[in-house]
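What follows is the residue order along each chain.
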Amino acid sequence: MIEAGVAVSLSELDEIFPERASLPAPRKDEFDLTQLMPLLEPPAIHDALLPLLKNKRPDLIVRDQFAFGGYLIGEKYNIPHATINITAGWPRSKEFLNSILATPLNELRAEYALPDDPELNTLFPYLRLDTAPPTLLPKGISTISTARSFNQFATKKIVANETSLPSWVTELPHDKTVLVTLGTLWNQSNELYNLIIHAIQDEAVNVIVATGRNTEQAMTGNFPANVRVAEYIPFTALLPHLDAVVFHAGFISLLTMLWAAIPMVAIPVGADQFGNAEAIEMAGIGIGIKPDERSSINIRNALMSVLNQSSYREAAKRVQADMSTQLSVAEACDLLEQVARTGKPV
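These remarks concern the structure in this document. Here the structure is a predicted model, which means the values were calculated and not measured.

A word on the side chain of Thr87. Residue position: Thr87 is located in the loop between β2 (81-85) and α5 (94-111). A polar contact of 2.6 Å, which involves the side chain of Thr87, links it to the side chain of Asp272. Non-local contacts of Thr87, meaning those with residues more than four positions away in its chain, are made with Gln65, Ala132, Phe251, Asp272 and Asn276.

It is worth spelling out unusual backbone geometry at this point. Phi angles above zero are rare outside glycine, and Asn78 is one such case at about 55°. Not every positive phi belongs to a glycine, and Ala249 is a case in point at roughly 65°. If you trace the backbone, Ala249 turns up in the loop between β8 (244-247) and α8 (251-259).

Glancing now at the sheet that holds strand β5 (residues 177-181). One open sheet holds the 6 strands; their spatial order is β7-β6-β5-β8-β9-β10, and the pairing between them is parallel. The open sheet terminates on both sides in strands that have one partner only, identified here as β7 (227-230) and β10 (286-288). Each adjacent strand pair in this sheet contributes to an overall mean axis angle of 15°, direction not counted. Here β8 runs beside strand β9 (residues 264-266); their pairing, made up of 3 bridges, is parallel. What sits directly across from Val245, in β9, is Met264.

Inspection of every chain in the model, using the stated rule, returns 3 salt bridges. The partner of Arg109 in a salt bridge is Glu75, with the nearest N and O atoms 3.5 Å apart. On the criterion of sequence distance, the pair formed by Arg109 in helix α5 and Glu75 in helix α4 (residues 68-76) is long-range, its members being 34 residues apart. Residue class for Arg109 comes out buried when judged on its relative accessible area of 2%. A salt bridge links Asp130 to Arg128; its shortest N-O distance comes to 2.9 Å. In this pair, the class of Asp130 matches that of Arg128, namely buried.

Relative to the assigned elements, Ile61 resides in strand β1 (residues 61-64). Taking the C-alpha atoms as reference points, Ile61 and Ile73, separated by 12 residues in sequence, lie 8.8 Å from one another.

What counts, and where the lines are drawn
Residues numbered from 1 in each chain as written. Predicted model: local features only at pLDDT ≥ 70, side-chain atom pairs only at ≥ 80, totals over all residues. Heavy atoms only, no water. Helix = DSSP H or I, 4+ residues; strand = E, 2+ residues; numbered from the N terminus. Polar contact = N/O pair within 3.5 Å; in protein donor to acceptor, adjacent residues only side chain to side chain. Contact = heavy atoms within 4.5 Å. Pairing = 2+ DSSP bridges. Axes fitted to C-alpha atoms, helices over the stretch in contact; angles between N-to-C directions. Salt bridge = Lys/Arg side-chain N within 4 Å of Asp/Glu carboxyl O. Buried < 20%, exposed > 50% of the residue type's maximum accessible area, 1.4 Å probe, protein only.

Rendered as structure tokens:
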């Protein structure tokens, strides 16, 4: 992929495309989707895979929903293609997806000698697999006949294994405990961590800050007794102790918290997180804070709302129950094998 010119670091995009650098974070994602991915990926993917297609024709192409190279190759060479979506919030509706992608993708279809498809009905003709529970999926996805949802945690169980947690977790002074995390990719600056900590440290809650191991520098400071900072703490063991999470709306973190019906405050930083934050609010499982709304008072008020208003926990429990209706990983794999074997839609 790197040799084919498909892999580009996120940190390099603003330098390569100056017009992207001046855009606010949510608009950068739209720019990437509409301008960069259709422009950069399909030709490189085609050129890289063409020799392979001549030697051995695949029975199935499995692609990310925005990996348009796999989509176009499947269409051009009449190879079934299945889509796996690993986000809850992008796009927020199929109509929005069509409105921004119909023109660039149909221009590419023309280059590949494919017929025009103004409604983009060919995007998911065989199978679309979503890892988000149905209640978090974008509007209109449920109307796609080939759409199915599977739970990547379906074979796991939450185990409150105290021996895998630091001893101080059960020694914190307050009844309610909040996790603060920005994941492992968007955690490289301490500025947002410090804003969140200072916003909530004076409340009667325990604050556990999981920074990850690749921050700019270790988090230091004279934090009160209710605040503990750790590079790493096992979330699966911590979940039973949590009453809320303040996080970046990363999709894997979102699913992990829903696994235990944890209400949330979402402070998106980049990528699909802005859409995930919208999905969180629409489902009633938490409150989203946009970049221009970040302030101590807004973060504090949002956290106290999700902690003190039972509706957020109840909504999270409904989504948790919804997750139990999803296909298992094994069942999702069975569907992929079915399409590969039959060459027909599910």
